[in-house]
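Reading the structure
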Amino acid sequence: MNRLTKLSLFAGLILLHFQALSQATGTVNFPKVGYTNVDLVMARMPESKAMQNQLEITKTQLEKAIDESIKEFQGKADNYQKTASQMTDIIRADKEKELENLQTRIQEMRSKAQYSLQNKQQQLMAPIQTKVNAAIQEVGRENAYVYILNMDGGEGTVPFILFASAEENNVTNLILKKLGIDPDQPEPSEKSSDISAPANPSKPQPATKNSKQ
């Protein structure tokens with residue numbers, strides 16, 4: 001079952017629940033349902049800006065370590081190209097193995113850097129999510145909402161709400177105010193936290209063998 005089907009089923013169950021309740025009580029009562037965009041709310045928080053700054057610092061440190069390893073590889077690769085023709089077969093094979101190991105190490109550093117950055121982002125985001133969820137709960141209780149739905153599930157996901165005709169049910173500004181944020185302030189620009197180190201170094205081609213073992 002895909003995400004859109006699940007969301008449609010959930011919305012249908014909500015409507016069926018209140019339809020059954022109306023039939024049982026003989027009254028027609030519609031639930032007070034609000035909606036918001038959690039990603040937008042989080043992006044407006046000062047804590048998110050501080051998180052991005054920390055991620056940029058970590059990203060810079062990781063990229064520096066990768067760059068240093070790449071420079072080491074390139075230096076040894078250049079030296080290999082210049083001297084390989086004078087090497088014995090055994091020494092040449094040893095140098096090529098060393099370059100292969102360096103290449104593997106750089107690839108492993110890239111993978112670990114991506115994981116480290118993503119893990120740090122999750123750790124820093126957890127308290128922000130908790131704070132936003134608490135604000136949503138308070139807004140819901142104070143304004144007698146039965147449900148507050150998330151308009152957007154995030155990048156690459158299907159929005160929970162595909163259409164909303166009543167802007168009065170958009171509680172985003174209420175949530176921002178609850179968090180002490182002025183809704184009229186412009187949204188901060190987003191920064192990417194992806195590792196963007198230089199491309200993987202390529203292994204140098206063996207030089208022509210003119211030496212004796």
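Below, the discussion takes up the nonpolar core. Core analysis: the largest hydrophobic core is formed by 19 residues, its most contacted members being Val41, Met45, Val132, Ile175 and Leu179. Secondary-structure elements contributing two or more residues to this core are helix H2 (38-44), helix H3 (46-83), helix H4 (89-142) and helix H5 (172-178). No other element matches the 7 residues that H4 contributes to this core. Residues contacting Val41, with those up to four places away along its chain left out, are Thr36, Val132, Thr172, Ile175, Leu176 and Leu179.

Located in the positive-phi region is Ala144, a residue other than glycine, with phi close to 60°. Looking at where Ala144 falls in the secondary structure, it is placed in the loop between H4 and strand E2 (147-150).

Glancing now at the packing of H3 against H4. Two measures define how a pair of helices packs: the angle their axes make with one another and the distance between the axes. Interhelical geometry of H3 versus H4 gives an angle of 180° and a closest axis separation of 10 Å. Here H4 runs roughly antiparallel to H3, going by the angle between their axes. Partitioning the contact of H3 with H4 into residue classes produces 18 nonpolar, 6 polar and 12 charged.

Cut-offs used in this document
- Here the residue numbering is sequential within each chain, running from 1 through the sequence in written order.
- For this predicted model, a pLDDT threshold of at least 70 governs which residues receive local features, and a threshold of 80 or more governs which side-chain atom pairs are given and counted, while totals over whole chains, interfaces and linings are taken from all residues.
- Excluding hydrogens and water, the side-chain figures rest on all heavy atoms present in the structure.
- For this analysis, a nonpolar core means a set of buried residues of the types Ala, Val, Leu, Ile, Met, Phe, Trp, Tyr and Cys, connected via side-chain atoms within 4.5 Å.
- For each residue, the accessible area found with a 1.4 Å probe, counting protein chains only, is set against the maximum for its type, and the residue is called buried under 20%, exposed over 50%, and partly exposed in between.
- Helix and strand labels come from DSSP, where a helix needs a run of H or I of at least four residues and a strand needs a run of E of at least two; each type is numbered from the N terminus.
- Pairs of residues are marked as contacts when any of their non-hydrogen atoms sit within 4.5 Å.
- Axis definition: a line fitted to C-alpha atoms, over the contacting stretch in the case of helices. Angles run 0 to 180 degrees between N-to-C directions.
- Here roughly perpendicular refers to angles of 65 to 115 degrees, roughly parallel to angles under 35, roughly antiparallel to angles over 145, and oblique to all remaining angles.
- Three classes are used: nonpolar for Ala, Val, Leu, Ile, Met, Phe, Trp, Tyr, Cys and Pro, charged for Asp, Glu, Lys and Arg, and polar for all others, with Gly counted as polar.

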